[in-house]
Each structure stands twice: as C-alpha cells, then as structure tokens.
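So the chains spell out like this:
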Amino acid sequence: MSATAFYEPLPVLTFMCKIFSEGRREMTAADFRDLRDFQNVRLNKELKGLRVKVTHLPYPRKYKVVRNRYGRLNYPNLPCVQTGSTTHPVYLPLEVCEIVEGQHCKKKLDENQTSEMIKRTAQAPSKRFFEIRQSVRDLVNSSETCLREFGIKINTEPTQLKGPRPGSAFARSLRNNAVSKPREGTWELRGRHFYKPATLSRWKLLNLSRFCQRDSLDNFVKMLIRVGQELGMRIEQPMEIGVADTNRKPIRSILLEQQPKQSNLEMLMIVLSRAPTTPEIKAGG
C-alpha cells in the first residue's frame, strides 16, 4: 500500500499566500504590495512545470487584453505567470489563474505536509497487515496457471519470528502501584508515574520564533516542570532561555554558536516559527 501527493486545485493567488504564510497567521493577497526578489524566486520554483487554467473566457493572451476587456485588475502590482514556450511566451495575471487538478506533486513535502499525509494515510497495524497478506494471496491466485506450469509454489502466509516485546514496565498507577501495560503500542499516563522517572537538570530553551513572547516561554517552562512532576520526574529550571533572529542569521549558524555553551547539556529545546527547519537543525548539530 502506498500513497502519493497531488497539488490542490485552487487559485494561484491562494497558492501564493499559502507558500508565504508563516507561523499561525494566514496571509492574503492584500498583504503583498509587490513581491521581493527572494519571493519571486520561491514562487517561480513552486509554479515551474505546473499547468494552470484561466477563470474567464475567452482566453486572454496578453495582460493588456485582460485589463481592457475584463475591467481593472485587483492586484496589478503582482507578477504575471509565464506560460507557452520560451520563444512565444504568454503572460497571465496571477488572479485569473487556477492550478489544474490531478497534478502529481513530485517535490519533497515539508514537515507539515508530511504530517498531514501520515494522518490521512495512517492505518492500524492489524488492518495494514491484513491488506498486505490479502494482496499477496490475490497476486498468487492471479498467477496460479503460470506458477503451476513452472512447478513453483508460493506460501502466502507470512514468516513468523520471535522478537522482544515492548517493555511493559513503563509506568505505574498512583492508586495501587500496578504496572501499566501497553495497549496497541501506547501507554495511558493519566494518574500514573513513570516506572523509572528521569531527572532533567541541565537544559536550555532557544526561541527562534518572532511570534512567541517571553511570557509564553515562561508559562511553557512552568507547564513542563509541572507535568514532569506529575509523572514522577524532577525537572529543574532551564539554564538559559535564549532568543535568536533567523532573519539575520541562518539556523545552522545560530546552532553552531550555541555549541561551545552546550557542555554536558542534556537537552536543547527549540521553539520554531516555520515548518521546514528540522533538517537545518539537524545539520547544525
């Protein structure tokens, strides 16, 4: 069983706003007086190779025709979409274009898109196992004549191997000290302590989001310490709550500057403002 991503059929203006929306704020076309150079580069990269359709007929071939025939554009300051060939290009205003449905997305998905894909395609292990086994049986049955001709036999039952079970001693009940056992791979932690609670004493919090204020960080630290105590852990106050501006420095440079300060550090917790930063964080060590 596999899944793949397709581009959502929507107006190109909406597509552009989704690309440039950061954090929790959704941008609209009215937020763009014009596009900066880096935004033009990003939008060109995202739209390159996609098929678009116009939202009015007859088909306008030039920007001037669109304005004269269909009235004043709402966003004449935004760039046009170049279609056609390199020798005979056709320029269309963004606001009259829509992305054609059914186009396969071949680029690497960002973290939010990957998370959404997993949510939509996730199946219970038992259901996935049943579907895989049924697919094997269907394949063998459809090839029965050919297999018999060559004297080939295929066992459709999966091979069973003995392996270690997940440790059941993960948490204990506060009421009767009974050991919690996993259910479908998860543990219920309400009203329980970790079986062997850890201590977190040397850790830092680094804020890379311009949307997150200091009081929110302080409240988060209090909540983390409280939840840890409820689970039997001892979490000390962070050694430092740092702030860095990712608009002035790349994330990798920020993390490299932090490394000399991270001697014997047990955990560095990072607050992000945009999704595609985990690979950068991993690259920064």
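Within each chain, residues carry numbers counting from 1 in the order of the written sequence. Only residues with pLDDT of at least 70 get local features here, since the model is predicted, and only at 80 or more are side-chain atom pairs given and counted; chain-wide, interface and lining totals rely on the full set of residues. The basis for every side-chain value is the complete set of non-hydrogen atoms in the structure, without hydrogens or water.

Observations concerning the confidence of the model for the protein chain
Each residue carries a pLDDT score, the predictor's confidence in it, ranging from 0 to 100. With 81% of its residues at a pLDDT of 70 or more, the protein chain shows a mean pLDDT of 79. Only DSSP runs of H or I covering at least 4 residues are called helices, and only runs of E covering at least 2 are called strands; the numbering of each starts at the N terminus. Within the protein chain, the lowest mean pLDDT, 43, falls on helix α3 (residues 63–70), and the highest, 94, falls on strand β9 (residues 234–235). Taken as a whole, residues 60–70 scores under 50 in pLDDT and shows 22 contacts with residues more than four places along the chain or in a different chain. In what follows, residue pairs with any heavy atoms lying within 4.5 Å of each other are defined as contacts.

Points about the packing of helix α1 (residues 12–20) against helix α2 (residues 37–47)
Think of each axis as a best-fit line through the C-alpha atoms, taken over the contacting stretch in the case of a helix, with angles from 0 to 180 degrees between the N-to-C directions. α2 packs onto α1 with a crossing angle of 120° between their chain directions and a minimal axis gap of 11 Å. With respect to α2, the axis of α1 lies oblique. In this structure, the crossing between α1 and α2 has a hand that is right-handed. Touching Val 12, Phe 15, Met 16, Ile 19 and Phe 20 of α1 are Gln 39, Arg 42, Leu 43, Glu 46 and Leu 47, all from α2. The residue classification treats Ala, Val, Leu, Ile, Met, Phe, Trp, Tyr, Cys and Pro as nonpolar and Asp, Glu, Lys and Arg as charged. All others, Gly included, are polar. Across the contact of α1 with α2, the residue classes tally to 7 nonpolar, 1 polar and 2 charged. By definition in this entry, angles of less than 35 degrees are roughly parallel, angles greater than 145 are roughly antiparallel, angles of 65 to 115 are roughly perpendicular, and the rest are oblique. If you view the pair so one helix is near and one far, a crossing is left-handed when the near helix is turned anticlockwise from the far one by less than a right angle, and right-handed when it is turned clockwise.

Here's the deal with the sheet that holds strand β8 (residues 203–207)
Hydrogen bonds along the backbone pair up the strands of a sheet, which may run parallel or antiparallel. In space, the 3 strands of this open sheet follow the order β10-β8-β11, with parallel pairing throughout. Lying at the two open borders of the sheet, with one neighbouring strand each, are β10 (240–243) and β11 (267–271). Across the sheet, the mean angle separating the axes of adjacent strands is 20° when strand polarity is ignored. Examined bridge by bridge, β8 and β10 share 4 bridges and lie parallel to one another. For Leu 205, the partnering residue across the bridge sits in β10 and is Ile 241. A pair of strands is labelled paired if DSSP reports no fewer than 2 bridges between them.

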